[in-house]
Amino acid sequence: MIEHIVFYSLSTVVLVAAVCVVTMRNTVHSSLFLGLSLAGVAGLFAALGADFLFAAQVMVYVSGIAVLIMFSVMLLGRASDLHLRQVNEQWMAAVLICTVSSAGLLKIARAYCGTLAPSAPTPDTRAIGRLFMGEWLLPFELASLVLTAALLGAVFFSRSEASR
Amino acid sequence: MTLAHYLTVASLLFLIGVFGALTRRNIIGILMSIELMFNAANINLAAFERFLHPEGVAGATLALFIMTVAAAEVVVGLALLLAIYRNTDTAYVEDYNLLKG
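Residues numbered from 1 in each chain as written. Chains lettered and ligands numbered in written order. Predicted model: local features only at pLDDT ≥ 70, side-chain atom pairs only at ≥ 80, totals over all residues. Heavy atoms only, no water.

### Comments concerning the overall build of chain A
Looking only at helices and strands, one finds six helices and zero strands in chain A. Moving toward the C terminus, one meets the helices and strands of chain A in the order α-α-α-α-α-α. Its C-alpha atoms give chain A principal-axis dimensions of about 60 × 40 × 30 Å. Burial analysis of chain A (164 residues in total) assigns 32% to the buried set. Surface exposure of chain A reaches about 9,800 Å², of which carbon and sulfur atoms provide 74%. (Helix = DSSP H or I, 4+ residues; strand = E, 2+ residues; numbered from the N terminus. Buried < 20%, exposed > 50% of the residue type's maximum accessible area, 1.4 Å probe, protein only. Areas by Shrake-Rupley, 256 points an atom, 1.4 Å probe, with all protein chains shown as cover.)

### Description of the interface of chain A and chain B
With 81 residues of chain A in contact, the opposing surface of chain B contributes 68 residues. Taken over both partners, the interface formed by chain A and chain B buries close to 6,800 Å², and the fraction arising from carbon and sulfur atoms is 77%. Summed over the shared surface of chain A and chain B, the result is zero salt bridges. There are 14 residue pairs in polar contact (both at pLDDT 80 or more) connecting chain A and chain B. (Contact = heavy atoms within 4.5 Å. Buried area = accessible area lost by both parts, 1.4 Å probe. Salt bridge = Lys/Arg side-chain N within 4 Å of Asp/Glu carboxyl O. Polar contact = N/O pair within 3.5 Å; in protein donor to acceptor, adjacent residues only side chain to side chain.)

### Considerations on the packing of aromatic side chains
Under the defined criterion, the tally for this structure stands at eight aromatic pairs over all chains. Here the aromatic residues F7(A), Y8(A), Y6(B) and F51(B) are joined through ring pairs into a cluster of three or more. The side chain of R25(B) reaches across the aromatic face of Y92(B), ending 4.4 Å from its centre. (Phe/Tyr/Trp six-rings, centres within 6.5 Å; stacked < 30°, edge-to-face > 60°. Lys NZ or Arg CZ within 6 Å of the ring centre and 35° of its normal.)

### Examining helix 3 (residues 51–76) of chain A
Its 26 residues give helix 3 of chain A an end-to-end C-alpha distance of 36 Å, which sits within 8% of 38 Å, the value for a rise of 1.5 Å per residue. Maximum bend of helix 3 of chain A: about 30°, positioned at Q57(A). Those residues of helix 3 of chain A not exposed but buried are L53(A), A56(A), Q57(A), Y61(A), I65(A), A66(A), I69(A), M70(A), S72(A), V73(A) and L76(A). For helix 3 of chain A, the secondary structure elements touched by its buried residues are helix 2 (27–47) of chain A together with helix 2 (27–51) and helix 3 (58–88) of chain B. (Expected span 1.5 Å × (residues − 1). Bend = angle between axes of the 7 residues up to and from the residue.)

### Details of helix 6 (residues 137–158) of chain A
Residues and elements named next belong to chain A. Compared with an ideal rise of 1.5 Å per residue, which puts 22 residues at 32 Å, helix 6 spans 32 Å between its outermost C-alpha atoms and is within 8% of the ideal. Those residues of helix 6 that sit buried are A143, A150, G153 and A154. For helix 6, the angular spread of buried residues about the axis comes to 100°, placing them on one side. Exposed residues pointing more than 90 degrees away from the buried face of helix 6 are listed as L138, L145, L151 and L152. (Arc of directions from axis to C-beta.)

### Things to note about a nonpolar patch on the surface
All names here are of chain A. Taken together, W91, M92 and V95 make up a surface patch of nonpolar side chains, about 300 Å² in accessible area. Mapped onto the elements of the fold, W91 is located in helix 4 (residues 91–110). Since its relative accessible area comes to 39%, W91 is described here as partly exposed. (Patch = residues over 30% accessible without salt bridge, like charges linked within 9 Å, V, L, I, M, F, W, Y side chains within 5 Å.)

The quantities given are spatial measurements derived from coordinates; they are silent on function.
Printed below as a string of structure tokens:
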């Protein structure tokens, strides 16, 4: 019973906040709702028993990416933006595309209607660490290389033209 | 709770992200919608691991790699965006037509 309450309240938070992200006229508000939606996804990870994923979601997404996006919204924003329409003319076509794809996606989801969790979730942080340091060592090191490249790229692109 | 519940939430989140990426005029709005889509994929990975393969951790590990790449993408994307904004003085994608000549 408690599992149902947790799942339905978390998914309501996630979906309502996501709708607010794509429909809000004020970009600052929609970036705040993005943070709420990402926190709700972290809660869904916790409900799924993925403890390390929950921690990573809170640390990387909620406190990293959402804050970074909020910073750029405030750097790039103008007061005149609040009076402009934030949605382009093709929104009818986008609704149509989403309706058609939702039919297909929900049909796939319906195929797993009777799949229940086989056992209670176990902590998986230790197993993830072993996998990263053993079998998946090369992808793990490549991920750190990607992060270093992203850091250098961000510094390079955000310098002003004059100092380059 | 069955797997179908989690898959439904994830697909709805993904479709909201697709809708945002197709319709937002502000380029940061498009980036935010892309983040929503990444999260939908991560929910799917975690749910498949929990319900179909509870003995391994491959789903969570792949989701962690997705998070890494998403973080790198956001950092580089926002830096590029600041550079474009400095040159064109607008954040609306329909004004980004420098390559039109």
